[in-house]
Amino acid sequence: MPHKVTPESPIGIFDSGIGGLTVVRAIQAALPEEKIIYFGDTARVPYGPKSQVTIRKYAADDTAILMRYQPKLIIVACNTVSALALDVVEKTCGSIPVIGVLKAGAGLAVEATENSRIGVIGTQATICSNAYAVTINSLNPDAEVFSRACPLFVPLAEEGLVDHPATRLIAREYLDEFAGKDIDTLVLGCTHYPILRRIIGETVGPAIHIIDSAEAVARRTRELLDESGLLNKTREQALPHLLVSDLPQKFSRIYKLFMGSELPDVELVEV
């Protein structure tokens, strides 16, 4: 039986780990009254290198955990799941709307580009799936998309090396791929990457427009809730309710890095 949704119902957000906290941060900035339930599958992270079969199974598990909280909307803050298993999430949710970071980011990139030459960086699975190029081309058939997997950006973000020579070196190594391609827009196709936004921006140069899919998701969330009359108007700011499948010791440090505030209570759930 479908659950009853009201404006006070929470927004459910999940990710393979903690990268999706950049989406939580963007939603809180845009919609401070909304209640957020966040699930990070920290026991099984990373999803990026895993097979499509495994990723699809995990997507169903993660969605089922959030559905216990009767959300009014589910946000897939994991680009890998957005690329390879969005249909699984939609099926598990039934009538609850689903927003994937990938489509939101692709849409914003198409709006932003002036010369239709777009770069995309992400995990191995996201880049290999070619989902960004397909989605961007479905919105603008003339767009040329150049992609590069940047697997080391995730551990660098998690270690908090946001202004470190090693990060600059690796950023140059990866982003050199776009030299001479004349891109004017670069999509951060992984929710960890906004943590490294400054170094990425400095490496590609000020002329390139950087698309943070977390901001795109926040915009789309506001539109969707507004259209369906489900915006929470209580004027109360709530802390996000955090669920994780494993509590790694570095979690509170990373939370502080991603969210700029101390860690609220965290609940451990089994997957």
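Residues numbered from 1 in each chain as written. Predicted model: local features only at pLDDT ≥ 70, side-chain atom pairs only at ≥ 80, totals over all residues. Heavy atoms only, no water.

Caption draft 1: How the structure looks around the sheet that holds strand E2 (residues 36-40). Taken in spatial order, the 6 strands of this open sheet run E4-E3-E1-E2-E9-E10, and their pairing is parallel. If you trace the sheet from one side to the other, it starts and ends with strand E4 (98-100) and strand E10 (266-268), each paired once. Each strand of the sheet is rotated relative to its neighbour by a mean of 20°, with strand direction disregarded. In this sheet, strand E9 (residues 241-244) lies alongside E2 in parallel orientation, the contact comprising 4 bridges. (Pairing = 2+ DSSP bridges. Helix = DSSP H or I, 4+ residues; strand = E, 2+ residues; numbered from the N terminus. Axes fitted to C-alpha atoms, helices over the stretch in contact; angles between N-to-C directions.)

Caption draft 2: Structural view of the packing of helix H1 (residues 21-30) against helix H12 (residues 251-259). Here H1 crosses H12 at 40°, and the two axes come no closer than 9 Å. Comparing their axes, H12 and H1 come out oblique. Both H1 and H12 take part in a crossing whose hand is right-handed. Residues Leu21, Thr22, Val24, Arg25 and Gln28 of H1 form the contact with H12, whose participating residues are Tyr255, Phe258 and Met259. Taken together, the residues of the contact of H1 with H12 break down into 5 nonpolar, 2 polar and 1 charged. (Parallel < 35°, antiparallel > 145°, perpendicular 65-115°, else oblique. Left-handed = near helix turned anticlockwise from the far one by under 90°. Contact = heavy atoms within 4.5 Å. Nonpolar A, V, L, I, M, F, W, Y, C, P; charged D, E, K, R; others polar.)

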